[in-house]
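What follows is the residue order along each chain.
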Amino acid sequence: MDKLLKILLLATFLNSLSFILITPVFQYPDEQAHFAQVQDIAEIGYVPPTGNDTSKEIASLEQVVGTSRDGAGNNKYTYHPEYKTEYNGTINGPQEQNVSQLPKTTRQEFTKDEATLNPPLYYFLSSLVYRTFSWGDIFTRIYAIRILSASIFVLTVFITYKIGQIVFVKNKYLPVSLAVMIAFTPMLVHATSGILPDTLNILLFSSFLYICLKITTEGFSVQKLLLAAVVIALGAATRQNFLITLFILPLPLIYEFLQNKKTRKSLILAGVVFAFGIYILSFFVPAMDFIRRFDYPESSGKNPQNPLAALTFTQHLIWTLKNSVSQVWPWFWGIYKWLSLSLPPEVYQIINRLIPVAIFGLIIKTYYLIKKRDIKNGKIFLFLALSVFIYVLFLTTFDFLFRKNNGYSFGIQGRYYFPVIVPAFALLLAGFNQVFEFTKKYSNCLLVLLVTLFFALNLTTLVHIANSYYDTTSLQSFINHASNYKPIFLKGEILLFFLLASLVVQVFFLTNYARNTILAQKSLK
């Protein structure tokens, strides 16, 4: 299994690299704004608090590739999936040389206000990569940071595997199957291979859930709680929504308190120290300052003239359910090209027919857990379900307060739920596996089919994205167009080599996975 995991991690990185190569510059969610924050930190040490904060270098490239936004926040791609940047018949873009040769002074010459002001951890790490490649042009720096993001995602897949080992302790093939589902969910790969903090946020959130599962299964220890506190602090320095973990952490602690009388005094003492530590941290971590102020920004400052000021939570919940079905759910599986390119309808049709099967299986599994009074496994699945529920509840409540204050939704996207995609997919996999077990001798074959579908979904999405950006009528045209506006080490035949290498490693992994999984079932007969 260790060998299979190593192959999967290699396949994960190469697949993320494929998305990096296929996705043109500034085509990840708000990538130019996130890169601007990285550049500001690397070049001058901070993001200018007032006035312009985005360099002339970035603004010039935005004009060339068509991502410069108007007053409404739209660019040439928004609502126009048919739009394509002008390409040359060679591996260099029409204005690539002009942008590459911009003087270094343009990196500190601020001409527009677009940089993000997110918590600093991801941007600090990215600034280290930026400084390492500061000798290169803007394309070299952008793609180097993208590769950093992809590397972080590989760690997420590894943590997913470790979580799978806890959840599916009796089946050694389900943990790697869960890791595959995470590694080859295309929108997740897209969200974790560009320049944006989502990749680090998802890694840290998954790591936090892993620690909680260790407490749930192995019992409480000061070391585990301390490690959770460190991860929470790092997460708060990455994304504001990470602090939802403060409401998830009590779940394993409460269970331990109720089940183990010997650790109750230690738990109470540790809980007090932990709460005090979090309060102290709120003075030093900007994202946590609302704790010391006892005032969350979206819960105060209501505008009485707001047409939604009288909105009730029930009304918001109904609206959220409708919006989730029509927009958030499809976007969870894939929305690209500045929210203009969705997946082919057939993809959603397949997904919408498979998910109810998993939910049905999960209901059956829950029934069996209750009937057998299987507390050991039941507490694990209960924790996974409550973690997802708490996260969704807080995100829904946040949007409710935002609508009441501003008169419009924050704009919840499918990728905002990715911090809990590992527990959500673990529950779905448990449901699928329960249904598969009804077939007895074909259960592992069906598991292989499920994993194969994720590889197929990933490849279909990658081809779909490539067709939307480039001329794919011939291999040479595709190579030339896809090489435009990229660093020299990712152009031409090198680009093609990495794409083919990714496919070869995926096939190699899937072949070994299928053989081992099916043979394992035959050996049990």
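Cut-offs and rules
- Residues numbered from 1 in each chain as written.
- Predicted model: local features only at pLDDT ≥ 70, side-chain atom pairs only at ≥ 80, totals over all residues.
- Heavy atoms only, no water.
- Salt bridge = Lys/Arg side-chain N within 4 Å of Asp/Glu carboxyl O.
- Helix = DSSP H or I, 4+ residues; strand = E, 2+ residues; numbered from the N terminus.
- Buried < 20%, exposed > 50% of the residue type's maximum accessible area, 1.4 Å probe, protein only.
- Axes fitted to C-alpha atoms, helices over the stretch in contact; angles between N-to-C directions.
- Parallel < 35°, antiparallel > 145°, perpendicular 65-115°, else oblique.
- Left-handed = near helix turned anticlockwise from the far one by under 90°.
- Contact = heavy atoms within 4.5 Å.
- Nonpolar A, V, L, I, M, F, W, Y, C, P; charged D, E, K, R; others polar.
- Expected span 1.5 Å × (residues − 1).
- Arc of directions from axis to C-beta.
- Patch = residues over 30% accessible without salt bridge, like charges linked within 9 Å, V, L, I, M, F, W, Y side chains within 5 Å.
- Areas by Shrake-Rupley, 256 points an atom, 1.4 Å probe, with all protein chains shown as cover.
- Phe/Tyr/Trp six-rings, centres within 6.5 Å; stacked < 30°, edge-to-face > 60°.

So, the pattern of salt bridges
Applying the stated criterion across every chain yields a total of 13 salt bridges. Measuring nitrogen to oxygen at the nearest pair gives 3.8 Å for the salt bridge that ties Arg107 to Glu57. Highlighted residues: Arg107 in the loop between α4 (96–100) and β2 (110–112) and Glu57 in helix α3 (residues 56–65), separated in sequence by 50 residues. The class for Arg107 is buried, based on a relative accessible area of 6%. Residue classification places Glu57 among the buried residues on the basis of a relative accessible area of 2%. The partner of Lys214 in a salt bridge is Glu218, with the nearest N and O atoms 2.6 Å apart. With a gap of four residues between them, Lys214 and Glu218 both fall in helix α9 (residues 198–218), about one helical turn apart.

Looking at the packing of helix α5 (residues 121–132) against α9
For the pair α5 and α9, the least separation of the axes is 9 Å and the interaxial angle reads 120 degrees. It follows from the interaxial angle that α5 and α9 lie oblique. For α5 against α9, the interelement crossing comes out right-handed. Along its contact with α5, which presents Leu121, Tyr122 and Leu125, the element α9 presents Thr199, Leu200 and Leu204. For the contact of α5 with α9, the class distribution of residues is five nonpolar, one polar and no charged.

Overview of helix α13 (residues 264–281)
Taking 1.5 Å as the rise per residue, α13 with 18 residues should run 26 Å; its terminal C-alpha atoms sit 25 Å apart, in good agreement. If you check which residues of α13 are buried, you get Leu267, Ala270, Phe274 and Ile278. Within α13, the buried residues cover an arc of 75 degrees as seen down the axis, which keeps them to one side. Exposed residues on α13 whose side chains face more than 90 degrees from its buried face are Lys265, Leu269, Val272, Val273 and Phe276.

Comments concerning a nonpolar patch on the surface
Taken together, the side chains of Phe247, Leu382, Leu386, Phe389, Leu393 and Phe394 define a hydrophobic patch exposed on the protein surface, amounting to about 540 Å² of accessible area. Counting residues per element, the nonpolar patch draws most heavily on helix α17 (residues 375–406), which supplies five residues. Here Phe247 is to be found in helix α11 (residues 245–248).

Quick look at the side chain of Asn118
Considering the arrangement of structural elements, one finds Asn118 in the loop between β2 and α5. Classification of Asn118 by relative accessible area gives buried; the value is 16%. Discounting chain neighbours no more than four positions away, the residues touching Asn118 are His34, Gln37, Tyr123, Pro197, Arg239 and Gln240.

Points about the environment of Gln506
Within the secondary structure, Gln506 sits in helix α21 (residues 492–523). On a C-alpha basis, the gap between Gln506 and Ile7 in space is 8.4 Å, while along the polypeptide they are 499 residues apart.

Thoughts on the packing of aromatic side chains
Counted under the stated rule, the structure contains 34 aromatic pairs. Measuring from ring centre to ring centre gives 4.9 Å for Tyr77 and Tyr83, while their planes differ by 90 degrees; the resulting arrangement is edge-to-face. When its relative accessible area of 23% is taken as the criterion, Tyr83 is described as partly exposed. A ring pair is formed by Phe402 and Phe410, whose centres lie 5.3 Å apart and whose planes are at 85 degrees; its orientation type is edge-to-face. On the basis of relative accessibility, which here comes to 40%, the residue Phe410 falls in the partly exposed class. An aromatic cluster of at least three residues, connected via ring pairs, comprises Tyr77, Tyr83, Tyr87, Tyr469, Tyr470 and Phe478.

Observations regarding the packing of α9 against helix α10 (residues 222–236)
The N-to-C vectors of α9 and α10 enclose an angle of 165 degrees; their axes lie 9 Å apart at closest approach. As far as their axial angle goes, α10 and α9 are roughly antiparallel. The crossing of α9 and α10 is left-handed. Residue-level inspection shows Leu204, Phe208, Ile211, Lys214, Ile215 and Glu218 of α9 in contact with α10, the latter providing Lys224, Leu227, Ala228, Val231, Ile232, Leu234 and Gly235. Residues of the contact of α9 with α10, tallied by class, amount to nine nonpolar, one polar and three charged.

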